[in-house]
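Residue strings, one per chain:
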Amino acid sequence: MFTFCSLLGAQSESSASQSLLELDGGIKVLIDIGWDESFDVAKLKELEKQVPTLSIILLTHATTAHLAAFAHCCKHFPLFTRIPIYATTPVISLGRTLLQDLYSSTPLASTIIPHEALSETSYSYSQPISIEQYPNILLECPTGEEIASYFALIHPLKYSQSHQPLPSPFSPPLNGLTITAYNAGHTLGGTIWHIQHGLESIVYAVDWNQGRENVLAGAAWLGGAGGGGAEVLEQLRKPTALICSSHGGERVALAGGRTKRDELLIDMIKSSVSRGGIVLIPTDSSARVLELAYLLEHAWRSESEKDGSPFSGARPYLASRNIQATMRYARSMFEWMDEGIVREFEQTGGLQGETNEEPGKRGAGPFDFKHLRLLERRGQIDMVLNETDNLGRSIGKVILASDTSLEWGFSKEVLKKIVDDNRNLVILTERMGKPEGDKRVGIARQLWSWWEERQNGVALEPASSGESLEQVHAGGRQLEILEATRVALEGNDLNVYQQWLATQRQLQTTAQTGGATALESSADVIDDASSESSESEDESDTEQQGKALNISATLGQANRKKIGLSDEDLGINILIRRKGVYDYDVRGKKGREKMFPLAIRRKRNDEFGELIRPEDFLRAEERDEVEGQDMRHQPSKYDTKDTLGKKRKWDDIAVSSDRRLSSGGNKRQQISRTQQGDSGTGDLIPDADLSVFDDDVEDITGPSKVKFTTETVTVNLRLAFVDFAGLHDKRSLQMLIPLIQPRKLIFVSGMKDETIALANDCRKLLAAKIGGVEESAIDVYTPEIGTRIDASVDTNAWAVKLTDALVKRLRWQNVKGLGIVTLTGRLEVTHPTLAIEEGTVKKQKMIKGEAEVVQEPAPQAGVPTLDILPSNMASATRSVAQPLHVGDLRLADLRKIMQASGHTAEFRGEGTLLIDGSVIVRKTGTGRIEIEGTGLSALPVRNSTFYAVKNKIYEGLAVVAGT
């Protein structure tokens, strides 16, 4: 059994992706935890209901559409962190930096508590108000350390590595469930998941790209980069169900491919910077940004030194709050990139230890930026935008900034400052869908609609190839920009938030047996003490325990220092919660109010023993890195200028600055950067410039709410579009889906119109591939959000019993790890003997009449048994049981085998291999192997090429004879 349900992203304008797969035995697999730019917590309600029943979670891409809600679920959904999560290493590393950038860029990522939930605590207001007037109170935001700890829970996997995952503690047994990750292209570490369970073989392929790019290799359908085969990988071929995204189902690939796309982007940039304009390219901060950053850096390397080049006076920038960590991770994951990146690294950075060249003369690696500068603060953005030349003229600039939606991040800040100049240009890199209903139109969607309408005319700029570049005029249209600002809670708003926290804590504690793991913080210790209290306490002490329980519920998710509680509410705990309080009057108190509070963390155990904290076993260099940034050169609490004359805490140990420097891999990296000069640290704004900027991140640590303001700007810049989404197009889908030959096909993650149109096209293609089948007989599903479909495959399986005499005659052949045997036997149906032993007969006396009733066992069904043939039938079937050749011979493999044996082998046309110029091997569409040779080559001599080829072919196949 296999049922599929899309929780987000099916036939919707939202790019978020969440899919739920349910297999036999109640096994539930959640794939992706995506969100969109609205950050609406109501879209996660269905996911929250499914959390207690999930077995495992799989992640596909390090983008907001696939994992933006991951940190929110870990922090606010009980039991979520106990579910095993699997992803590739790049998805883990880049996803961490993405969410740290997201939560530090917009308060909306913390999500607004629904007003309906706050209405239950409206009695806290001095005057009743309507639901529309409730404040937009935010949930507690996960810190950078918490986000890093959440991603540390994810189990890393490699490509083509079959793995049998462990189930969650509340999941049924997985019964041999196997997951395998394959390269999906599109993003670094992007994954096509193959899930094998029993007779079900499911391929989940959402947002993949078959084309090869500058940084990323193509998807692994045909063997990945350098595969070049005409057949899909055997593991991904003929699945019982293929779940595919319909994004790009109506998109036609650009003529000229990747090279033409890159030239188009560079020409667009040249046309603007040559006039002193500013080019804004909105992109994500972890995935597609690598492709764009690599392209700009190498374009500047090749053209900045040329005379008269527009790039000689222009400067490229990359703006994101955590971009240094992202690029540091990218430099450590070249093995996940295209082969061209690996070769470039080997020629430059990979041979640094073996070359004797001077550091200044050595070439820079793929992501050692010489021209592209990194910006992580808003003050740096302002300085760059105001930069002019010696004559006071504007300098051409290119700014890559997050995010693509233009709803958060530095891209929004840059846009507001460049909209008034018609020399400036915004290059959109992804297609945007039209919003449904009366929803608010985002900034990127609004600009995309203007580009499609072309209401105010089009400017044609000359390109290097002689063609014309289309740039749409905005024409002074009005654009509404919504600003969200975090504000601390005060007064009645704070009371409502405290009551809501208490309600949520009590509900979760009641609903979960064994305690709410998500709410067991280091400060939440009052419940532990109450569970260990003596049963001999007075009733008055019970009231104190209830009061303490309510207080602990209020403080369950927030730090007690951030909520204004009175001293009376804290009670004896004031000694550990208030600074400067060293005395407490215990006269007249009872129970634990008379004892000094002791904070004891409740120990958690599983079947292997006590759970350990990974952060307690970090190496020295790992402790120095906080939020993905190297903290070795940051001000320390042990610096003399900060600690002179101050007391240390008992647990603090004074360590010299030299001792705090990490060793090992990070020290090697530091030396490498020093040798490279500008290639390592030259991609940053100088430290002297950084020191004049204050940290512009809103530093509000307590409970807060969001305040919205609207700003209307007049847009006079130009708009352009270059498709850098890195997704499959219509041709790729129509070519690959018939080759994959899925038995059932499910389309998700796309707009309604393109999903339905693609489904109709695939029905025709699959019907033509199979032949003689009506289109209506092809199972192609286009589910909507929340709709469950049964995608189980009807299979017939029979179990037979082999006799001992037949088993002894079996001769097994090993083919690719599988044992194969053919046999000929006689099938019989044997009925078990119905002998009833005297001791097994059940006798039952009736209540009336004292009569005895004998209850005989029910007759059992016959078991089919396969036995050896009698001697009189064996001779008649001997001529029928011909030997079989089992296996799949690939001509590419045969070519390598023959070349290794000293023969010459080369391809001559499709499906034809010429060996020694005299023997031709062909493979037909049905898999049949044909060998043709000249008269001399076919002579039965010892060194004949014909027989040598024939022997090698037989060695690659298993000859299974009938038994």
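Definitions and cut-offs
Every chain's residues receive numbers from 1 upward, in the order its sequence appears when written. Only residues with pLDDT of at least 70 get local features here, since the model is predicted, and only at 80 or more are side-chain atom pairs given and counted; chain-wide, interface and lining totals rely on the full set of residues. To obtain the side-chain values, all non-hydrogen atoms of the structure were used and water was disregarded. At least two bridges found by DSSP between two strands are what make those strands a pair. In this text, helices come from DSSP runs of H or I with a minimum length of four residues, and strands from runs of E with a minimum of two, each type numbered from the N-terminal end. Lines fitted to C-alpha atoms define the axes here, with helix axes fitted over just the stretch in contact, and angles between the N-to-C directions of these axes take values from 0 to 180 degrees. Whether two residues touch is decided by their heavy atoms; if any such pair falls within 4.5 Å, the residues are in contact. The salt bridge criterion pairs a side-chain nitrogen of Lys or Arg with a carboxyl oxygen of Asp or Glu, the two atoms within 4 Å. Note on patches: the residues involved have over 30% relative accessible area and no salt bridge, like charges join within 9 Å, and the nonpolar side chains Val, Leu, Ile, Met, Phe, Trp and Tyr join within 5 Å. The protein chains shown are the only cover counted for residues, whose accessible areas, like all others here, come from Shrake-Rupley with a 1.4 Å probe. With a 1.4 Å probe rolled over the protein chains alone, any residue whose accessible area is under 20% of its type maximum counts as buried; one over 50% counts as exposed, and the rest are partly exposed. What pLDDT expresses is the predictor's confidence in each residue, scored from 0 to 100. We call a set of buried residues a nonpolar core when its members are Ala, Val, Leu, Ile, Met, Phe, Trp, Tyr or Cys and they connect through side-chain atoms within 4.5 Å of each other. Between N or O atoms, a polar contact is any pair within 3.5 Å; within protein, one atom must be a potential hydrogen donor and the other a potential acceptor, and residues adjacent in sequence are included only when both atoms are from side chains.

Caption draft 1: The sheet that holds strand β27 (residues 788-790), seen in detail. Ordered in space as β6-β5-β4-β3-β2-β1-β27, the seven strands form an open sheet in which the pairing is mixed. Two strands bound the open sheet, and with one partner strand each, they are β6 (155-157) and β27. Adjacent strand axes in the sheet meet at a mean angle of 25°, parallel and antiparallel pairs treated alike. Taken together, the three bridges between strand β1 (residues 2-8) and β27 define a ladder with antiparallel strand orientation. Looking across to β27, one finds that T3 is bridged to D790. Relative to strand β5 (residues 85-88), helix α4 (residues 89-105) is tilted by about 95°, and along the sheet it contacts β5 and β6.

Caption draft 2: Broad picture of the pattern of salt bridges. Per the stated rule, a full pass over the model turns up 31 salt bridges. The partner of R378 in a salt bridge is E413, with the nearest N and O atoms 4.0 Å apart. Within this pair, whereas R378 is found in helix α11 (residues 378-385), its partner E413 is found in helix α12 (residues 410-418), the two being separated by 35 residues in sequence.

Caption draft 3: Quick look at a nonpolar patch on the surface. Residues V800, L802, V807, L823 and L827 make up a contiguous nonpolar surface patch of roughly 390 Å² in combined accessible area. Along the chain, the position of L827 falls in strand β31 (residues 826-830). Classification of L827 as exposed rests on a relative accessible area of 57%.

Caption draft 4: Region of interest: the confidence of the model for the protein chain. For the protein chain, the average pLDDT comes to 77, and 72% of its residues sit at 70 or higher. Predicted confidence for residues 651-683 stays below pLDDT 50, and this span has 48 contacts to residues more than four positions away or in other chains. For the stretch residues 834-856, pLDDT sits under 50, and the model shows 18 contacts to residues farther than four places along the chain or on other chains.

Caption draft 5: Inspection of the nonpolar core at higher detail. Counting residues in each nonpolar core, the largest one holds 89 residues, and the members touching the most others are I33, F70, F80, I269 and I427. Ranked by the residues each element gives to this core, the list is headed by helix α8 (residues 289-303), at nine residues. Not counting the four nearest positions on each side in its chain, F80 is found in contact with I33, V51, I57, F70, C73, C74 and I85. L415, V426, V713 and L717 belong to the second largest nonpolar core, which has 34 residues in total.

Caption draft 6: Summary view of the environment of S402. Checked against the element boundaries, S402 lands in strand β14 (residues 397-402). Residues S402 and I323, spaced 79 residues apart in sequence, show a C-alpha to C-alpha distance of 9.8 Å. When near neighbours in sequence (up to four residues on either side) are disregarded, S402 contacts D101, T283, D284, S285, A319, S320, W408, G409, F410 and S411. A distance of 3.3 Å separates the side chain of S402 from the side chain of D101, its partner in a polar contact.

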